[in-house]
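Chain by chain, the residues:
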Amino acid sequence: MVTLLKSPKSMHLPIIDMHCDMLSYLCVVPGANPYSKDDIACAIPWLISGGVRMQVMAIYTDVRPESMKLASRQAAIFSKLLKENPVDLAFANQTFLSDWNKQNQVGIIASVENAAGLGNESASWQEIYAQLDSIIAQVGKLAYISLTHHTENRFGGGNYTDGIGLKVDGKKLLDYIAGKQIPIDLSHTSDLLAEGILNHIDTQKLDIPVIASHSNFRSIWNHRRNLTDEFAKEIINRNGIVGVNFLRAFLDTDVPERLFEHILHGFKVGAEKNICFGADFFYTKNFGDPSRIPFYFPLAENAGKYNSILESLESDLSENQLKGLAFENALNFYQNLWS
Ligand SMILES: [Zn+2]
């Protein structure tokens, strides 16, 4: 019998993923369990089987009066998750990253998706600063902060609020996070907010790295959640990273293989050292909009799929490019940031 051996180029590469919503799932869904593979596509068993070595877990809230309380609860859930699962999980800090090749656990690190979690619409600045400091104290380190989500808040305009840019409070928050080794995320900004953030960083000479944690490319699929080439190039020029999103709505609602085109487009616009994964797995069972089902195509339906996605790209990308995409670009970014 002849056994055909597959090219081992990308087999079993370790993975860094820049975005999932495990924490809000554990916070709001009754009976939620981080090991439930049926409930959430980034459940710990999926992360382990997919070879994920670093997973960013977002502290997500929408804009509402209780947003700060919800964010604090998720920060506590993050540290509890680490404490209760020491065999499977580790804290993805700079020590973890510097011993990268020795790691065999899933490194996790928190981020803030929507600064409503730092300050609701009526919070004082004293409360906002205290909330950010207390979240950092709880989770150890933040992989990034996104000022908005889909809607508008006191800091600026989200993806679906065209024409609303960076507000005075947004500037003030940027001034506060400058120099704290916390990247700002453009994945949930309106275009005008992205522009405002970049301009404010430049005119005030703020030390704030810029990334897009979970966004695709608008020139491949025209959606407001995706980046224009112009913003992608801004991130690349600032040595940031761009995490490719697996959600069907942001890839192409009908063509699964468009995922590969988004990735290859990233290389085409110059993101060879910047592109990474930002799959965006979340709890989908309480989601109102039926047109979003299925949320993911089978080829990218859970965190076990990264290496098969890399295999599909073997004829288009070199070994080093695949490594960059799998983990090296994001690893270099955080090693530089935190060293
Ligand atoms: Zn998101």
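Higher on the page you've got the structure.
K.L.:
Please provide a residue-by-residue account of the overall build of the protein chain, values included.
P.N.:
Check the secondary structure of the protein chain and you find 12 helices and nine strands. In terms of overall dimensions, the protein chain is globule-like: its C-alpha atoms have a radius of gyration of 19 Å, near the 20 Å expected for 339 residues. Dimensions of the protein chain along its principal axes, counting C-alpha atoms only, are 75 × 45 × 45 Å. Counting over 339 residues, the protein chain shows a buried share of 59%. Of the contacts made within the protein chain by residues no fewer than 6 positions apart, 75% connect residues no fewer than 24 positions apart. With the model as given, the accessible surface of the protein chain reaches about 13900 Å², and the carbon-plus-sulfur share is 50%.

K.L.:
Account for the pairing of strand 2 (residues 52–60), with residues named and values stated.
P.N.:
Within strand 2, eight of the nine residues are buried, which leaves the element mostly enclosed by the surrounding structure. Where strand 1 (residues 15–20) meets strand 2, four bridges bridge the pair, whose relative direction is parallel. By the bridge assignment, C20 is partnered in strand 2 with M57. Of the pairings in the sheet, the one linking strand 2 to strand 4 (residues 106–113) comprises seven bridges and is parallel in character. Each residue of the ladder has a partner; that of Y60, found in strand 4, is E113.

K.L.:
Which residues make up unusual backbone geometry, and what values do they have?
P.N.:
A cis geometry characterises the amide bond from I293 onward to P294, with omega recorded as -5°. Structurally, the position occupied by P294 is in the loop between strand 9 (275–277) and helix 11 (306–312). Of note in the backbone geometry, N114 takes a positive phi value of approximately 100° without being a glycine. Positive phi, normally seen in glycine, also occurs at N239, with a value near 60°. Within the secondary structure layout, N239 lies in the loop between helix 8 (229–237) and strand 8 (242–244).

K.L.:
Please give an account of empty space enclosed by the protein that cites residues and values.
P.N.:
Evaluation of the coordinates by the stated rule reveals one cavity of 30 Å³ or more. The calculated volume of the largest cavity comes to roughly 70 Å³. Surrounding the largest cavity, 14 residues form its lining, L186, T189, D191, N226 and L227 being those nearest its centre. For the lining of the largest cavity, the per-class residue count stands at four nonpolar, six polar and four charged.

K.L.:
Explain the side chain of Q131 residue by residue, including any values.
P.N.:
For Q131, the location among the structural elements is in helix 5 (residues 125–139). Among the polar contacts made by the side chain of Q131, one reaches the main-chain carbonyl oxygen of M68 at a distance of 3.0 Å. Setting aside residues no more than four positions away along its own chain, Q131 makes contact with M68, A71, S72, G117 and L118.

K.L.:
An account of the environment of Q131 is requested, with residue identities and associated values reported.
P.N.:
On the basis of relative accessible area, Q131 is assigned to the buried category, the value being 9%. In this structure, the C-alpha to C-alpha distance between Q131 and I108, residues 23 residues apart in sequence, is 21 Å. A polar contact is formed between the side chain of Q131 and the side chain of S72, at a distance of 3.2 Å.

K.L.:
Before we move on, could you go through the packing of aromatic side chains and cite the residues and values that matter?
P.N.:
The tally for this structure, following the rule as stated, stands at 18 aromatic pairs. Relative to F327, the ring of W100 lies with its centre 5.8 Å away and its plane at 20°, an arrangement referred to as stacked. Within this pair, whereas W100 is found in the loop between helix 4 (94–98) and strand 4, its partner F327 is found in helix 12 (residues 319–338), the two being separated by 227 residues in sequence. The residues W100 and F327 share a single accessibility class, namely buried. Between F246 and F281, the ring centres sit 5.9 Å apart and the planes meet at 75°, which makes this aromatic pair edge-to-face.

K.L.:
Now, about the side chain of T189: what can you tell me, with residues and values included?
P.N.:
Position of T189 among the secondary structure elements: in the loop between strand 6 (184–185) and helix 7 (191–203). Engagement of the side chain of T189 in a polar contact is seen with the backbone oxygen of L186, the distance being 3.1 Å. Here T189 is in contact with T148, G157, G158, N159, A194 and I197, once residues within four sequence places are set aside.

K.L.:
How would you summarise the pattern of salt bridges if you had to cite specific residues and measurements?
P.N.:
Under the counting rule described, the total for this entry stands at 14 salt bridges. A salt bridge links R64 to D62; its shortest N-O distance comes to 2.8 Å. When its relative accessible area of 31% is taken as the criterion, D62 is described as partly exposed. Of the charged contacts in the structure, one is a salt bridge between D202 and R238, with a shortest N-O distance of 2.9 Å. Here D202 is found in helix 7, whereas its partner R238 is found in the loop between helix 8 and strand 8, with 36 residues between them in sequence. On the accessibility criterion, R238 (24% relative accessible area) is partly exposed. Among the ionic contacts, a cluster of salt bridges with common partners joins D62, R64 and E66.

How each quantity is defined
Here the residue numbering is sequential within each chain, running from 1 through the sequence in written order. Totals for whole chains, interfaces and linings use every residue, but because this is a predicted model, local features are given only for residues with pLDDT of at least 70 and side-chain atom pairs only at 80 or more, for both listing and counting. Remark: hydrogens and water are excluded; side-chain values derive from all non-hydrogen atoms of the structure. A run of H or I in DSSP becomes a helix once it reaches four residues, and a run of E becomes a strand once it reaches two; helices and strands are each numbered from the N terminus. Radius of gyration: over C-alpha atoms. The globule rule applied is 2.2 Å multiplied by the number of residues raised to the 0.38 power. Classification of residues uses two cut-offs on accessible area relative to the type maximum, computed with a 1.4 Å probe and protein chains only: under 20% is buried, over 50% is exposed, and between them is partly exposed. Contact definition: two residues touch when any of their heavy atoms are within 4.5 Å. Only the protein chains shown count as covering a residue, and every accessible area follows the Shrake-Rupley method with a 1.4 Å probe. A pair of strands is considered paired only if DSSP assigns at least 2 bridges between the two. For cavity detection a 1 Å grid was placed over the protein atoms alone, and a set of points counts as a cavity when a 1.4 Å probe fits there but cannot get out; an open set counts as a pocket when protein lies on both sides within 12 Å along at least five of seven lines, with lining residues being those that have an atom within 4 Å of a point. Grid points are joined across faces, edges and corners, and a volume is the space filled by probe spheres set on the points. Polar here means any residue outside two lists: the nonpolar Ala, Val, Leu, Ile, Met, Phe, Trp, Tyr, Cys and Pro, and the charged Asp, Glu, Lys and Arg; Gly therefore counts as polar. Two N or O atoms form a polar contact when they lie within 3.5 Å of each other; inside protein one atom must be a possible hydrogen donor and the other a possible acceptor, and for residues adjacent in sequence the pair counts only when both atoms belong to side chains. Each Phe, Tyr or Trp ring (for Trp, its six-membered ring) is paired with any other whose centre lies within 6.5 Å, and the angle between the two planes then decides the class: stacked below 30 degrees, edge-to-face above 60, tilted in between. A pair is scored as a salt bridge if a Lys or Arg side-chain nitrogen falls within 4 Å of a carboxyl oxygen belonging to Asp or Glu.

By themselves these figures say nothing about function.
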